[in-house]
Amino acid sequence: MKKKLLNWYDLNKKDMPWRDNQDPYRIWVSEVMLQQTQVSTVIPYYKRWVQKFPNIKDLAEADIDDILKLWEGLGYYRRAHNLKSASEIVVSELNGLIPGNAEFKNLPGVGDYIYAAVLSIAFNKPIPVIDGNVKRVFSRFYEQDFTNSTEIKKLQEKLLKLICQERPGCFNQALMDLGREVCKPQNPKCQDCPILEKCKAYINKTVELYPHKTKKKKTPFFDVVVGYIENDEENFIITKRPNDKMLGGLWELPGGKKEKRESLKNALMRELKEELNIEVSIHAKLGMIEHSYSHMKIKLHAYKCKIEKGEIEIREAQGLKWIQLKDIKQYSFPTANHKLFNQISQN
């Protein structure tokens, strides 16, 4: 099986920029970016990243705002914060050398997947990677689900026996490529699979049944309302989200979620009073967009506002600025805010 899998990989492996060498820093960055994100989306971000921060020292010395601006649109921003924090530890405490052992797992954001991927690919350590692609391949290969921690531990034990000791990184990448390119969730290309002959699901014609689908929870929906608070010079307020919150470190228009049985305008007045200690008059509605996150969906509404009472007091945000629409490219915003800015600029 190992030989067939590696032969297939050598003939079919995709040309990806992080496969040019075994630099642990670049492999680490790529694997962090690839979590929850498609390869085609990651490639341009990765190229810009290594151009701006070619080594771990450059990253450690970079300003978090510059890092978030480069990450803007990639989502799951906690990943960028963790890379920054980890790079500072490597530079200040580990002489700038990324550890190729269990010490690597102590760094912020390094879980089982990142640990196995970086150590196997960059340091040639025989540690199996288990991601969604690998679980799907072996769910079909063994006609068995690997969803809970006990089942995943059994899969890890199987893979520890299977992994190629001489080329563990290539073995892991071969399995991930196989799951992504051949053993797809829908319409798998079984005839292109190098381990087809021993795949139980293929033999028993049960490929479409594995892995068994779990019932998805209903995605919650929220109305979110924000204020485009303008002064006489046509500047408007943006606030910076706390680093420990979702979308931490990004800028946004101030506001928040509408509560049940609350009107959008009342919700906005309440939020602005809570967040900034101001009372506003609400004028024209400037736009509304819909946006989906991994765990929720929102409708984001924006109203033009003017401060009528109160001195601005930053209570929840970690920063506040007055800017103009032409300035938004200088700051990192969530994708939903960019959608809204497009509508506001048209109005």
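Bear in mind the structure is a predicted one, so any value in this text is a computation, not a measurement. (Residues numbered from 1 in each chain as written. Predicted model: local features only at pLDDT ≥ 70, side-chain atom pairs only at ≥ 80, totals over all residues. Heavy atoms only, no water.)

Undergrad: Lay out the overall build of the protein chain with the relevant residues and their values.
TA: The number of helices and strands found in the protein chain is 13 helices and seven strands. Burial analysis of the protein chain (347 residues in total) assigns 48% to the buried set. For the protein chain, contacts bridging at least 24 residues in sequence account for 65% of all contacts bridging at least 6. Looking at the protein chain as shown, the accessible area adds up to about 18,500 Å², and 48% of this sits on carbon and sulfur atoms. (Helix = DSSP H or I, 4+ residues; strand = E, 2+ residues; numbered from the N terminus. Buried < 20%, exposed > 50% of the residue type's maximum accessible area, 1.4 Å probe, protein only. Contact = heavy atoms within 4.5 Å. Areas by Shrake-Rupley, 256 points an atom, 1.4 Å probe, with all protein chains shown as cover.)

Undergrad: Run through the sheet that holds strand β4 (residues 255-257), naming residues and quoting values.
TA: Read across the open sheet, the four strands follow the order β4-β1-β6-β5; overall the sheet is mixed. Sheet topology places β4 and β5 (279-292) at the edges, where each strand pairs with a single neighbour. Across this sheet, the average inter-strand angle for adjacent strands is 20°, counted without regard to direction. Bridging between strand β1 (residues 221-229) and β4 involves three bridges; their strand directions are antiparallel. Bridging from a neighbouring strand, Val224 pairs with Lys257 of β4. Sitting on the sheet, helix α13 (residues 335-346) touches β1, β5 and β6 (297-309), and the angle it makes with β5 is about 120°. (Pairing = 2+ DSSP bridges. Axes fitted to C-alpha atoms, helices over the stretch in contact; angles between N-to-C directions.)

Undergrad: Describe unusual backbone geometry, with residues and values.
TA: Backbone phi values are negative for most residues with the exception of glycine, while trans is the configuration of most peptide bonds. Cis geometry is found at the peptide bond from Tyr210 to Pro211, where omega equals -10°. Mapped onto the elements, Pro211 comes out in the loop between α11 (200-203) and β1. Located in the positive-phi region is Lys205, a residue other than glycine, with phi close to 55°. With respect to the element layout, Lys205 can be found in the loop between α11 and β1.

Undergrad: I'd love a proper account of the packing of helix α7 (residues 112-123) against helix α10 (residues 168-181), names of residues and values included.
TA: Packing of α7 against α10 leaves a shortest axis separation of 7 Å and a crossing angle of 130°. Here α7 lies oblique to α10, going by the angle between them. Taken as a pair, α7 and α10 cross one another with a handedness that is left-handed. Facing α7, whose interface residues are Tyr113, Ala116, Ser120 and Ile121, α10 presents Pro168, Gly169, Asn172, Gln173 and Met176. For the contact of α7 with α10, the class distribution of residues is five nonpolar, four polar and no charged. (Parallel < 35°, antiparallel > 145°, perpendicular 65-115°, else oblique. Left-handed = near helix turned anticlockwise from the far one by under 90°. Nonpolar A, V, L, I, M, F, W, Y, C, P; charged D, E, K, R; others polar.)

Undergrad: Explain α7 residue by residue, including any values.
TA: An α-helical turn contains 3.6 residues, so any two residues separated by three or four positions project in the same direction. Helix length check: α7 (12 residues) gives 16 Å between terminal C-alpha atoms against 16 Å at 1.5 Å per residue, within 8%. In this fold, the buried residues of α7 make contact with α2 (24-34) and α10. Note on α7: the residue one or two positions beyond its end, Asn124, has a positive phi of about 60°. (Expected span 1.5 Å × (residues − 1).)

Undergrad: An account of the packing of aromatic side chains is needed here, citing residue identities and associated values.
TA: Under the defined criterion, the tally for this structure stands at 11 aromatic pairs. When the centroid spacing of 5.7 Å and the interplanar angle of 25° are considered together, the rings of Phe138 and Tyr142 count as stacked. With a gap of four residues between them, Phe138 and Tyr142 both fall in helix α8 (residues 132-142), about one helical turn apart. On the basis of an interplanar angle of 55° and a centroid distance of 6.1 Å, the ring pair of Phe236 and Phe341 is categorised as tilted. Note that Phe236 is positioned in strand β2 (residues 236-240) and Phe341 in helix α13, a separation of 105 residues in sequence. Like Phe341, Phe236 is buried. Put simply, the rings of Tyr228, Phe236, Phe333 and Phe341 touch in pairs and so form one group of aromatic residues. Over the face of the ring belonging to Tyr142 we find Lys158, whose NZ or CZ atom lies 4.4 Å from the ring centre. (Phe/Tyr/Trp six-rings, centres within 6.5 Å; stacked < 30°, edge-to-face > 60°. Lys NZ or Arg CZ within 6 Å of the ring centre and 35° of its normal.)

Undergrad: Outline empty space enclosed by the protein, supporting the account with residue identities and numerical values.
TA: Scanning all chains against the criterion turns up one cavity of 30 Å³ or more. Estimated volume of the largest cavity: approximately 120 Å³. Residue lining of the largest cavity: 14 residues in total, with Arg140, Cys183, Cys190, Cys193 and Cys199 positioned closest to the centre. Broken down by element, the lining of the largest cavity gets its largest block of residues, three residues, from α8. (1 Å grid on protein atoms, 1.4 Å probe; cavity = no way out; pocket = protein on both sides within 12 Å on 5 of 7 lines; lining within 4 Å. Points joined across faces, edges and corners; volume = space filled by probe spheres on them.)

Undergrad: Give me the lowdown on the pairing of β6, citing residues and values where you can.
TA: Across nine bridges, β1 lies against β6 in parallel orientation. Residue pairing in the sheet places Ile229 in a bridge with Cys305 of β6. Where β5 meets β6, 11 bridges bridge the pair, whose relative direction is antiparallel. Residue pairing for β6: His291 is matched across the bridge by Ile298. Between β5 and β6, which pair antiparallel in sequence order, lie four residues.

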